[in-house]
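An overview of the molecular structure
The residues making up each chain are set out below.
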Amino acid sequence: MMNKEKYIWEDDRFRKDPYKVPEGYFAGFPDRMMERLNQIVTVKAMEKRSMMRPWMAWVSGIAAVLVIGWFGIRNYYWKPLQEVRFQENITLFVDFYGEELHEGQLAGFFEDNKIDINKQATTEVNELIQIDPDLAEEYIYESVGF
Amino acid sequence: MDRTHDAELIDQFRDPAQRDLAFRMILAKYQEKLYWHIRRMILVHEDTDDVLQNTFIKIWKGLPGFRETSGLFTWMYRIATNEAITFLKARQRERAMIADDPDDIIKGRLKSDPYFDGDELFRKLQIAIDNLPPKQKKVFQMKYFDEMTYGDMANILGTSVGALKASYFHAVRKIQTAFETSD
């Protein structure tokens, strides 16, 4: 019996599976598998969200404070300051040209041509006036287009 | 042709809009092959189902980075084999902790498994196979049941043909000894 068994296992019949699967197992497996994968993806996304939440809350809070602060400063300080500086520059031009230029003419010209006098000309004009008033005059004529 | 089709499936999987559909096609195409490979190593249906699901989760996660240096099936077969070996190692540790005779557990599980209809002799063979070290077990299963060539096995397992022949030889000797010593 023992010797017989020793060789029996090499018989071809052992190569046939004695295993079965529950009815419909393979037909239903893809649906079950996809459902499990979707759960994993959802849980992972939630974990990611929950991990980011404190970080995002801080960032959102800081961003909100900055935005509100920025608009606050812009509305209450920056705009009047800009206007004041613009006015100062016009005054500077008028002073430099004496009676030749009318303040309203310059302001209208700058606005119509969207010239940001604060950015474009002030520094250069101030420097040029100090160094060479004639060159400054030329520069202003070119810049303003008179 | 088959490999071309696999390459198309991989491309589709990498497109998020087609990912689910492509994976369903991969499941439909390979689930049975992988199931039977795992089942022969693990024996019990419920455990096989768990390992098969874990295998496909790893495939899902790994597919975006799959470099296609081997065929899709070879790659998936390797994942299934590793998952089954991990499971078997855990089961061996568990058995060693809870039973004086680990064979009793697998005997009991095969007897109570409604999806196993082998006779007593076959059960004896399965227990002998199950007692092999995981690597020998894997080589024996692939050679004996899947009737794979040593060349294919070497390709899948990343080992030399000589090492595989030696493993198979040792496995056969151990199974023979198990039959000789059993009553």
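Up top is the structure these notes are about.
Just so we're clear, the structure is a prediction, and the values are computed from it rather than from any experiment.

Of regular secondary structure, chain A possesses six helices and zero strands. Looking at chain A as a whole, 23% of its 146 residues are labelled buried. Sequence-distant contacts, at least 24 apart, represent 56% of the contacts inside chain A between residues at least 6 apart. When the accessible area of chain A is evaluated, it comes to approximately 10900 Å², of which 58% is carbon and sulfur surface.

Once that is clear, we can look at helix α8 (residues 150–157) of chain B. Residues separated by three or four positions in an α-helix point in the same direction, a consequence of the helix having 3.6 residues per turn. Residue and element names in this part refer to chain B. Turning to α8, its buried residues number three or more, namely Y150, M153, A154, I156 and L157. Within α8, the buried residues cover an arc of 165 degrees as seen down the axis, which keeps them to one side. One or two positions beyond α8, positive phi appears at G158, with a value near 65 degrees.

This brings us to the packing of helix α6 (residues 120–130) of chain B against helix α7 (residues 134–145) of chain B. Residues and elements named next belong to chain B. Look at α6 against α7: their axes get within 9 Å of each other, and the N-to-C directions meet at 140 degrees. In terms of orientation, α6 and α7 fall into the oblique class. Mapping the contact onto sequence places F122, L125, Q126, I129 and D130 in α6 and K137, F140, Q141, Y144 and F145 in α7. Looking at the contact of α6 with α7 residue by residue, the class counts come to six nonpolar, two polar and two charged.

Right, let's talk about the pattern of salt bridges for a bit. What the rule picks out here adds up to six salt bridges over all chains. Residues D31(A) and R24(B) are paired through a salt bridge, measuring 2.8 Å at the closest nitrogen-oxygen approach. Placement of D31(A) in helix α2 (residues 25–97) and of R24(B) in helix α2 (residues 19–42) is noted, with the two residues assigned to different chains. Given a relative accessible area of 44%, D31(A) falls into the partly exposed group. The partner of D146(B) in a salt bridge is R40(B), and the shortest N-O contact between them spans 2.4 Å.

Bringing a nonpolar patch on the surface into the picture now. Residues W55(A), M56(A), W58(A), V59(A), I62(A) and L66(A) make up a contiguous nonpolar surface patch of about 710 Å² in total accessible area. Structurally, L66(A) is set in helix α2.

Each partner contributes residues to the interface: chain A has 30 residues there, and chain B has 41 residues. Summing the contributions of chain A and of chain B, the shared interface buries around 3700 Å²; its carbon and sulfur component is 63%. Across the chain A-chain B interface, the total number found is two salt bridges. If you look at where chain A meets chain B, you find seven residue pairs in polar contact (both at pLDDT 80 or more). Elements represented by at least two residues in the side of chain A that touches chain B include exactly α1 (2–8) and α2 of chain A. Among the elements that line the side of chain A that touches chain B, the one with the most residues is α2(A), at 13 residues. Classifying every residue of the side of chain A that touches chain B gives 17 nonpolar, one polar and twelve charged.

This next bit is on the side chain of Q126(B). Note that Q126(B) resides in helix α6. Beyond its immediate stretch of four places on either side in the chain, Q126(B) contacts Y19(A), R40(B), L43(B), L110(B), F116(B) and F145(B).

Residues and elements named next belong to chain B. Ranked by size, the top nonpolar core spans 65 residues in total, and within it F23, L34, F56 and F140 carry the most contacts. Per-element tally for this core: the top contributor is α2, with eleven residues. A domain split of this core shows at least three residues from each of domain 1 (1–92) and domain 2 (118–183).

Rules used throughout
- Sequence positions are assigned chain by chain, starting from 1 and proceeding in written order.
- The order in which chains are written sets their letters, starting at A; the order in which ligands are written sets their numbers, starting at 1.
- Local features in a predicted model are, by the rule used here, given only for residues with pLDDT of at least 70; side-chain atom pairs are given and counted only at 80 or more, and totals for whole chains, interfaces and linings are based on all residues.
- Side-chain descriptors were evaluated using all non-hydrogen atoms of the structure, hydrogens and water having been removed beforehand.
- A run of H or I in DSSP becomes a helix once it reaches four residues, and a run of E becomes a strand once it reaches two; helices and strands are each numbered from the N terminus.
- For every residue, the accessible area (1.4 Å probe, protein chains only) is compared with the maximum for its type, and the residue is labelled buried under 20%, exposed over 50%, or partly exposed between those bounds.
- For this analysis, residues touch if any pair of their heavy atoms sits within 4.5 Å.
- Shrake-Rupley sampling with a 1.4 Å probe provides the accessible areas, and residues are treated as covered by the protein chains on show and by no other component.
- Arc definition: directions from the helix axis to the C-beta atoms.
- Fitting a line to C-alpha atoms yields each axis, with helices limited to the stretch in contact; the angle taken between N-to-C directions then spans 0 to 180 degrees.
- Each angle receives one of four descriptions, namely roughly parallel if under 35 degrees, roughly antiparallel if over 145, roughly perpendicular if within 65 to 115, and oblique otherwise.
- Each residue gets one label: Ala, Val, Leu, Ile, Met, Phe, Trp, Tyr, Cys and Pro are nonpolar, Asp, Glu, Lys and Arg are charged, and the others, such as Gly, are polar.
- By definition here, a salt bridge exists when the distance from a side-chain nitrogen of Lys or Arg to a carboxyl oxygen of Asp or Glu is within 4 Å.
- A patch consists of residues whose relative accessible area exceeds 30% and which take part in no salt bridge; residues with like charges are grouped when within 9 Å of each other, and nonpolar side chains (Val, Leu, Ile, Met, Phe, Trp, Tyr) when within 5 Å.
- Buried area adds together the accessible area that both of two parts lose upon being put together, with accessible area traced by a 1.4 Å probe.
- In protein, a polar contact requires one atom able to donate a hydrogen and another able to accept it; more generally it is a pair of N or O atoms within 3.5 Å, and residues adjacent in sequence count only if both atoms are side-chain atoms.
- Joining through side-chain atoms within 4.5 Å is the link that ties buried Ala, Val, Leu, Ile, Met, Phe, Trp, Tyr and Cys residues into a set, and such a set is a nonpolar core.
- Domain segmentation is taken from an automatic or database assignment of domains.

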